[in-house]
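# Topology and contacts: notes
Now for the letters of each chain:
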Amino acid sequence: MDRRKPFIDSTVSNTGSNIKGLQLFIADLRSSQQSEDQHKRIQSEIVKIKQHFNASTGKSSSNGRILGTDKLDGYQRKKYIAKLAYIYITSNTTMLNDIIFGLNEVVELIKSNVFSEKFMGYMTLEVLYRHPIVVNKINDKVIAQLIQDIGSTSDDFTELGLNFVGVASGLTKQLSSNPDLVSEVFQILRSPTSSLYLKKKSTLAFLSLLKTNNSILSEDIQRRRLWIQRILSLLDDTDNYRLTLTTLPLVEYIAKNIDPSYFTRLIPQLSEILYKCVVVSNSGLRNNDFPEEYRFANMPNPWLITKIVSLLHSLIISPSEIERNNGLFDSGLIHTDNIDSESLGKLRMCVMEAINLGTRRTADPMEKVVQNTILFSLINFASKLDPSHEAIVNSATALCNLLTSNDINVRYLALDALIRLCSFSGKTAYDSIRGKNLDLIFHILNSEKDSSIIRKVVDLLYTLTDSDNVKIVIDQLLHYLTTSKHLTDPHIKSDIAVKIAILTEKFSVDPSWYVIVSLKILSLAVMSAKDEEIWRRLCQIVVNNPQLHEITCTNLVEHLRGNNISEYVVKASAFLLGEYAESVQNVISISELFNLFAEKYFMVPNSTKAMILSTMIKLYKFDPNIGSMVIRFFQLELNSLDIELQTRSYEYLKLIQISKMTENSHLLDALLQPMPPFNTKSNPLLNRLGSLSTGSTSSSALVPSRSRSSSTFFEKPMPDNTDINNTTVMTSQDSESHEAPRPPPARKTRSSSLLIDTLAKSSTVDDKYLQLKLTGNWKEGFTRMIQFRQGVLHQSPLLRILYRISILDATRLEVSLTYINQTEWEISSLTSELVASHTDNNPEYIVQSSQVVDSSRIAAHQRVQEKFEVTIRKPFSIVEAPIINVCYTCGGSVNTLNLKLGVGMTSTLASNGLVSLAQFVTRWKTLSDALGKEGEYQANNVFLSALTGENMGEHMSKLTTTVKRMGFDVVEQANLPQTLFLAGIIHTRSDGNFGCLLKLTCLESGKVNFTCKTTTGGSLAQNIVECIQFALVK
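All of these numbers come straight from a predicted model, not from anything done at the bench.

## Focus on the overall build of the protein
Helices and strands together make up the secondary structure of the protein, namely 40 helices and 18 strands. Looking at the protein as a whole, 54% of its 1034 residues are labelled buried. Partitioning the contacts of the protein with sequence separation of at least 6, the portion at a separation of at least 24 is 70%. Carbon together with sulfur atoms contributes 49% to the accessible area of the protein, which is approximately 45400 Å² in total.

And the structure:
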């Protein structure tokens, strides 16, 4: 977007493209037919270059003679270094040790005052700096020159230095570990005199340094705060947002990896930019903010749109994310409920407009690519905005329309976005996709040839499956596995088999169907060695559910009678028929069953043969009449080459012999006891799902819900102490059968209730609150705000801030702040952030923006306004009142204000009507009798600076006026002229309402004795006294 004119100067005509010696050298190498000839030419050139370098430095030659000291001019040095760089590149970096002698000459090049020479030096270093040996030799010299070039008055030299930092800092940590270099780069970024081009370069260079060394901002808290404020000021570029485009990646990196709390204040500004790009620019009206030269594919700044969406995605946390994380989230992120309604509305309109763009027909393929890119990014972001039912349905419809696109990338991204939409939006998304598009998804499954698309289709089907459509989905997947001609990837076949097994177990309500499908999976030829878990899982479920014993064993017998039988069916048969052979005696005799296993024995691997041997001894236990056949079979295997088969045959023969000799029929019963139930609360097959089980699919696919109910016939309580072969497994339904189903996620209203419900019980002051350093004259507005409902919060030659407090209800206040520009210059980059003392651990109060600042710019002598709400939940000290952090730029300087707001327990103080002295005394005595000292707080000889220099009468008058302004009822009495009796009611949202009584005695010295009683214990009485004390401090 920002085009630079080419460097034109008569002194720099010798660029790399017209170095004749380099051109001839390259031509010689290209004309060489044999690699040996090339190698000889390279070696001769290296020797020649080395001689010239030695001659210029006065070093000895190989024969010990001192060479002359012919100085190399800049052109020659540049030519030789260019040749060495070409040798390094053309040898595929293998000749590093042969050309490393020229490093000092490269340093001389970057020290040159000629642009082309300096350019050649930095370019060569960018290629070589990935090698530690190079860094160790010249790093100190390079950094010293870098600092000099970046601080140079020549923009061209500064650009070269910043370019090198941006490239090389990603190759070594040496650059980012030098504080002087880091500061020099940041100085270019923050300087108001730096050109736009230099600021863009320095922003990207600083990002590269930060990626290598996070401690630049993470260790020094004060530096972090100041530097981030400077970075935020870069986002005020309104000249088509060119600087904003390069600053956003830096902001996003800091938000993701260091601290997101500094950037949540940007949401209104980013929402406005996004709204202009997506909605306003496509409304049909010409907008001067985006002239045609800055549009691409009929969209203004599509790169800016995607970067803003990516940043917003990392700053906002949605209700569904909080639910999945059990209420735990980074306190620096902003919750959807805390976004002001105007910004939230603009973001939602952007999503709707993106959906409209995605369905718009266009003949330009590039325009369609841009439209789809914006559509995917905004739909994936839409889940953060607590979308409405209509928005979810429209998003799903738009994405399903893209499934028929001829572009394979569009189909892939559409499937991925549908999976994400289901993950965050729940039943609404499921129903909108399944209702009309399930046949389309099946068609894609059967017709698609690309394996990556097939994976996404299967993942989407897995996500959409519930108890209502499970049979349809399973039949389609089985049909695909058995008939598809495009399925060549064995890993996809295995993954589909695993998903079928999981879905069958989870949603089946028919035991017969479950067994039939499970055995079909085991019979498939696509099964691989890593699919052992499938037949094992079937065995675990059958063992744990007696009602499945007969059904499963009967079906296994039918499979054993077939010819082409899968090894996994044989394994499942050996395990289950060995345990429950008596359940199929009405279908097949034990001797026939033995013959079936004997027939299959010689068709399977040794590991399965070992299982069949164990099955045969169990069949003998059921029917000793087959003893002769069993003994002969074991005797045959005594000579087996496999040690495991030989050992088992010998041991089983011994068992039969001992039981016959001792005539002990209970020996085998004792040794071959029935398999106890397995005991585990998770399905091991779920581990095969990878990211699908945690991120890219619906959580309800793995958690029972009313709309996606789990199977109803796996409900048998199991003992807790079962351990068979170190594998203790039970069905996932066993662990979930007594658990109340989770309802589908409901749409939240814009209130703070969700935040309150997810907060923990303990409470500690946030680090960010403690780190804020209050502005010098903050107390003046703070004490004024405690007493008055409106007034001046802050006054300076640049900015004046007015406040107004409105009572919304007993526990909620609305604070309106008006910012007035006092100067002749424009104020820009105006942002504000409300910082509460507690945010993530059961806060005493909640601060929520209701109207963001009208504009980030204030013209001379003009004003803008913002509003926010404060909800008092329970008692807190006014020392921990919220702080507003205001940042703005005026006259090229960045200014920061940290002002504590006078919001405390007396902010919700309400009158209880006129109180007589007799009533006051009675209530005082009642509280004393009921609570004793628990609800009382005393502070004696408290010095109040606002009462100094006045007589007693004036003291009492000022004291009375102040407490009346604060809302206290003053008891009328004349017996004690130096004492005030006060009463009132404190309202809180969570803890309820509390009465309070106070006695204030004014002493001759201007000091005051306080005694406060409340209807509750704890710190409330002290909190009330503190409010009065701060109100009377100058």
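## Focus on a nonpolar patch on the surface
A cluster of nonpolar side chains, contributed by Phe296, Trp303, Met366 and Val369, occupies part of the molecular surface with about 350 Å² of accessible area. Along the chain, phenylalanine 296 falls in strand β1 (residues 295–296).

## Let's talk about the pattern of salt bridges
Scanning the model with the defined rule gives 32 salt bridges in all. Arginine 411 is paired through a salt bridge with glutamate 448; the nearest N and O atoms lie 3.1 Å apart. With a gap of 37 residues between them, arginine 411 in helix α20 (residues 408–425) and glutamate 448 in the loop between α21 (427–447) and α22 (451–464) connect regions that are remote in the sequence. Overall, glutamate 448 belongs to the buried group, its relative accessible area being 10%. In this structure, the salt-bridge partner of glutamate 936 is lysine 933, at a minimum N-O distance of 3.3 Å. A residue is classified by how much of its surface remains accessible, and lysine 933, at 63% relative accessible area, is exposed. It is possible to trace a salt-bridge network through shared partners that takes in Asp28, Arg41, Glu45 and Lys83.

## Re the pairing of strand β6 (residues 799–809)
For strand β5 (residues 790–795) and β6, the ladder comprises five bridges, and the chain directions are antiparallel. Looking at β6, one finds that glycine 791 is bridged to tyrosine 803. What sits between β5 and β6 in their antiparallel hairpin is a turn of three residues. Across 10 bridges, the pairing between β6 and strand β7 (residues 812–821) is antiparallel. The residue bridging leucine 799 from the neighbouring strand is asparagine 821, located in β7.

## Observations regarding the packing of helix α30 (residues 606–622) against helix α31 (residues 627–636)
One can describe the packing of α30 onto α31 by two numbers: an axis separation of 10 Å at closest approach and a directional angle of 155°. When the axis of α30 is compared with that of α31, the two are roughly antiparallel. Seen from above, α30 lies across α31 with left-handed handedness. Each of Leu613, Met616, Ile617 and Tyr620 in α30 lies in contact with α31, whose residues at this interface are Gly627, Val630, Phe633 and Phe634.

## Side note on the packing of aromatic side chains
Summed over all chains, the structure comprises 20 aromatic pairs. A centroid spacing of 6.1 Å and a plane angle of 80° characterise the contact between phenylalanine 594 and phenylalanine 633, whose relative ring orientation is edge-to-face. Of this pair, phenylalanine 594 sits in helix α29 (residues 590–601) while phenylalanine 633 sits in helix α31; the two residues are 39 residues apart in sequence, bridging distant segments of the chain. In this structure phenylalanine 594 comes out as buried when scored by relative accessible area, which is 3%. Aromatic ring contacts, followed pair by pair, group Phe594, Tyr601, Phe602 and Phe633 into a single cluster. For the cation-ring pair, lysine 768 lies above tyrosine 262, with the distance from its terminal atom to the ring centre recorded as 5.1 Å.

## Re the side chain of glutamine 787
For glutamine 787, the position within the fold is in helix α37 (residues 778–787). When residues no more than four places from it in sequence are discounted, the contact partners of glutamine 787 are Thr962, Arg965, Met966 and Ala1031.

## Things to note about the sheet that holds strand β9 (residues 845–851)
The sheet built from five strands is open, its strands ordered β5-β6-β7-β10-β9 with antiparallel pairing. Edge positions in the open sheet fall to β5 and β9, since each of these has one partner strand only. Taken pair by pair, the neighbouring strands of this sheet meet at an average axis angle of 25°, ignoring direction. Where β7 lies against strand β10 (residues 863–872), nine bridges are found, and the strand directions are antiparallel. Paired with leucine 813 across the strands is valine 870, a residue of β10.

## A closer look at the side chain of lysine 346
The topology assignment puts lysine 346 in helix α17 (residues 341–359). Residue lysine 346 is classed as buried on the basis of its relative accessible area, which comes to 16%. Ignoring sequence-local partners within four residues, the contact set of lysine 346 consists of Ser271, Glu272 and Tyr275.

## Some remarks on unusual backbone geometry
Unusually for a residue other than glycine, threonine 93 sits at a positive phi of about 70°. Note on placement: threonine 93 falls in the loop between α3 (74–90) and α4 (96–99). On the accessibility criterion, threonine 93 (37% relative accessible area) is partly exposed. The backbone of serine 829 shows a phi angle near 55°, a positive value even though the residue is not glycine.

## With respect to the sheet that holds strand β11 (residues 883–890)
Pairing in this open sheet of three strands is antiparallel, and the strands run β8-β11-β12 from one edge to the other. Each end of this open sheet is capped by a strand with a single partner; those strands are β8 (827–835) and β12 (893–900). On average, adjacent strands in this sheet sit at an angle of 15° to one another, irrespective of strand direction. Strand direction decides the pairing type here: β8 and β11, joined by seven bridges, are antiparallel. Its bridge partner being in β11, serine 828 is matched across the sheet by threonine 889.

## Focus on the confidence of the model for the protein
Within the protein, residue pLDDT values average 82, and 85% of them lie at 70 or more. This stretch, residues 1–16, has a pLDDT under 50; its non-local contacts, to residues over four places away or in other chains, come to 27 contacts. Low pLDDT, under 50, characterises residues 693–762; the stretch is placed with 179 contacts to residues that sit more than four places away or in other chains.

## A word on the pairing of β11
Summarising burial for β11: eight of the eight residues are buried, a large majority. Going residue by residue along β11, you find Ile883, Asn885, Cys887 and Thr889 tucked away on one face and Ile884, Val886, Tyr888 and Cys890 tucked away on the opposite face as well. Linking two consecutive strands that pair antiparallel, namely β11 and β12, is a turn of two residues; a positive phi of about 65° is found at glycine 891 within it.

## Description of helix α40 (residues 1020–1031)
Taking 1.5 Å of rise per residue, 12 residues should cover 16 Å, and α40 covers 17 Å from first to last C-alpha, within 8% of that figure. Of all 12 residues that make up α40, 10 are buried, and the element is covered over most of its length. Of the positions making up α40, those classed as buried are Leu1020, Ala1021, Asn1023, Ile1024, Val1025, Glu1026, Cys1027, Ile1028, Gln1029 and Ala1031.

## Some points on the environment of leucine 817
Counting through the fold element by element, leucine 817 comes out in strand β7. Through-space distance from the C-alpha of leucine 817 to that of valine 792 is 9.5 Å; in sequence the pair is 25 residues apart.

## Some words on the nonpolar core
Among the nonpolar cores identified, the biggest contains 224 residues, and Phe206, Phe263, Leu274 and Leu593 are the most heavily contacted of them. Leave out the neighbours within four places in its chain, and leucine 274 touches Val279, Ile305, Ile308, Val309, Leu312, Leu347, Cys350 and Leu378. One finds Leu830, Val835, Phe868 and Val870 within the second-largest nonpolar core, a separate group that totals 72 residues.

## Examining helix α27 (residues 549–560)
Over its 12 residues, α27 runs 16 Å from end to end, which matches the ideal 16 Å to within 8%, given 1.5 Å per residue. For α27, the complete set of buried residues consists of His549, Thr552, Cys553, Leu556, Val557 and Leu560. Across the axial projection of α27, the buried residues extend over an arc of 140°, all falling on one side. In this fold, the buried residues of α27 make contact with α25 (511–523), α26 (532–544), α28 (567–580) and α29.

## Notes on the environment of proline 249
As for its position among the elements, proline 249 is in helix α13 (residues 242–257). In this structure, the C-alpha to C-alpha distance between proline 249 and lysine 307, residues 58 residues apart in sequence, is 7.3 Å. When near neighbours in sequence (up to four residues on either side) are disregarded, proline 249 contacts Leu207 and Lys307.

## As for the state of the cysteines
Cysteine pairs can be covalently joined through their sulfur atoms, and such a bond is termed a disulfide. Following the criterion strictly, the structure yields zero disulfides and no others. Free cysteine: cysteine 553, not disulfide-bonded; nearest cysteine sulfur from cysteine 539 at 9.6 Å. Since its relative accessible area comes to 0%, cysteine 553 is described here as buried.

Conventions adopted
Residues numbered from 1 in each chain as written. Predicted model: local features only at pLDDT ≥ 70, side-chain atom pairs only at ≥ 80, totals over all residues. Heavy atoms only, no water. Helix = DSSP H or I, 4+ residues; strand = E, 2+ residues; numbered from the N terminus. Buried < 20%, exposed > 50% of the residue type's maximum accessible area, 1.4 Å probe, protein only. Contact = heavy atoms within 4.5 Å. Areas by Shrake-Rupley, 256 points an atom, 1.4 Å probe, with all protein chains shown as cover. Patch = residues over 30% accessible without salt bridge, like charges linked within 9 Å, V, L, I, M, F, W, Y side chains within 5 Å. Salt bridge = Lys/Arg side-chain N within 4 Å of Asp/Glu carboxyl O. Pairing = 2+ DSSP bridges. Axes fitted to C-alpha atoms, helices over the stretch in contact; angles between N-to-C directions. Parallel < 35°, antiparallel > 145°, perpendicular 65-115°, else oblique. Left-handed = near helix turned anticlockwise from the far one by under 90°. Phe/Tyr/Trp six-rings, centres within 6.5 Å; stacked < 30°, edge-to-face > 60°. Lys NZ or Arg CZ within 6 Å of the ring centre and 35° of its normal. pLDDT = per-residue confidence, 0-100. Expected span 1.5 Å × (residues − 1). Core = buried A, V, L, I, M, F, W, Y, C linked by side-chain atoms within 4.5 Å. Arc of directions from axis to C-beta. Disulfide = S-S within 2.5 Å.

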